[in-house]
Amino acid sequence: MTKKQKSTSPDTGVRLDKWLWAARFYKTRALAREMVQSGKVHYDGQRSKPSKVVQVGAIITLRQGFDSKEVEVLELSEQRRGAPEAQLLYRETEKSIAKREENAEARKLNALYNPHPDGRPDKKQRRQLIRFKKE
């Protein structure tokens, strides 16, 4: 590690909300804390508090938008760095990657077969719909 880069040793540990923020899962530490408190983040399969001390090798399950990710902690860090460095802190499990790809494909198919209308029907279209429903 360089002199500038600060990384904690395994015996000191890092708070869960701080690690999630440093690993760039959430934009702010307050948002990371809120997600942990609301139950969107699980540490080793259990709900936890933002002050939970993260250990190397732990499995963290978190929700981001439509997706749920399961990651294994590889390194600890209290400082937020660039994305390439942040990605070295964790590794997503194979099961999680497969599940996310499957869900993305299902969303694409749903959008393909259930398109949303561009807007509300105008008066003529409403009359046609009413006439169609009566038949």
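Residues numbered from 1 in each chain as written. Predicted model: local features only at pLDDT ≥ 70, side-chain atom pairs only at ≥ 80, totals over all residues. Heavy atoms only, no water.

Caption draft 1: Region of the structure containing helix H2 (residues 29-37). Ala 32, Met 35 and Val 36 are the residues of H2 that are buried. The arc that holds the buried residues of H2, viewed along the axis, is 100°, so those residues lie on one side. The secondary structure elements touched by the buried residues of H2 are helix H1 (16-22) and strand E2 (41-43). (Buried < 20%, exposed > 50% of the residue type's maximum accessible area, 1.4 Å probe, protein only. Helix = DSSP H or I, 4+ residues; strand = E, 2+ residues; numbered from the N terminus. Arc of directions from axis to C-beta. Contact = heavy atoms within 4.5 Å.)

Caption draft 2: The UniProt feature "domain: RNA-binding S4" (unreviewed entry) in the chain, seen in detail. With numbering aligned to this structure, UniProt lists the feature "domain: RNA-binding S4" (unreviewed entry) at residues 14-79. From the first C-alpha to the last, residues 14-79 spans 10 Å; its make-up is 24% helix and 33% strand. (UniProt positions renumbered as here; feature names shortened; annotations may be inferred.)

Caption draft 3: Structural view of the environment of Arg 15. By the element assignment, Arg 15 lies in strand E1 (residues 14-15). Considering only alpha carbons, one finds Arg 15 and Lys 133, 118 residues apart in sequence, at a separation of 59 Å. Ignoring anything within four residues of it in the chain, the contact list for Arg 15 reads Arg 29, Pro 50, Ser 51, Lys 52 and Val 54. Among the polar contacts made by the side chain of Arg 15, one reaches the side chain of Asp 17 at a distance of 3.1 Å. (Polar contact = N/O pair within 3.5 Å; in protein donor to acceptor, adjacent residues only side chain to side chain.)

Caption draft 4: Representation of the pairing of strand E5 (residues 59-64) in the model. Of the strand pairs in this sheet, E2 and E5 are connected by three bridges, and their pairing is antiparallel. Pairing of Tyr 43 across the sheet is with Ile 60, part of E5. Where E5 lies against strand E6 (residues 67-73), six bridges are found, and the strand directions are antiparallel. Bridged to Leu 62 within E6 is Lys 69. (Pairing = 2+ DSSP bridges.)

Caption draft 5: Spotlight on the environment of Asp 44. Tracing the backbone through its elements, the reader meets Asp 44 in the loop between E2 and strand E3 (46-47). Judged by relative accessible area, which is 47%, Asp 44 ranks as partly exposed. For Asp 44 and Ala 58, which are 14 residues apart along the polypeptide, the C-alpha to C-alpha distance reads 6.1 Å. When neighbours within four sequence positions are excluded, Asp 44 is seen to be in contact with Ala 58 and Ile 59.

Caption draft 6: Representation of the packing of aromatic side chains. The full count for this structure, using the stated rule, is three aromatic pairs. Between Trp 19 and Phe 25, the ring centres sit 6.1 Å apart and the planes meet at 35°, which makes this aromatic pair tilted. Across the pair, Phe 25 and Trp 19 agree in class, each one buried. With a centroid separation of 4.6 Å and 45° between ring planes, the pair formed by Phe 25 and Tyr 90 is classed as tilted. Of this pair, Phe 25 sits in the loop between H1 and H2 while Tyr 90 sits in strand E7 (residues 90-92), placing them 65 residues apart in sequence. The pair formed by Phe 25 and Tyr 90 is uniform in burial state, with each residue classed as buried. Clustering of aromatic rings is evident, with ring pairs tying together Trp 19, Phe 25 and Tyr 90. (Phe/Tyr/Trp six-rings, centres within 6.5 Å; stacked < 30°, edge-to-face > 60°.)

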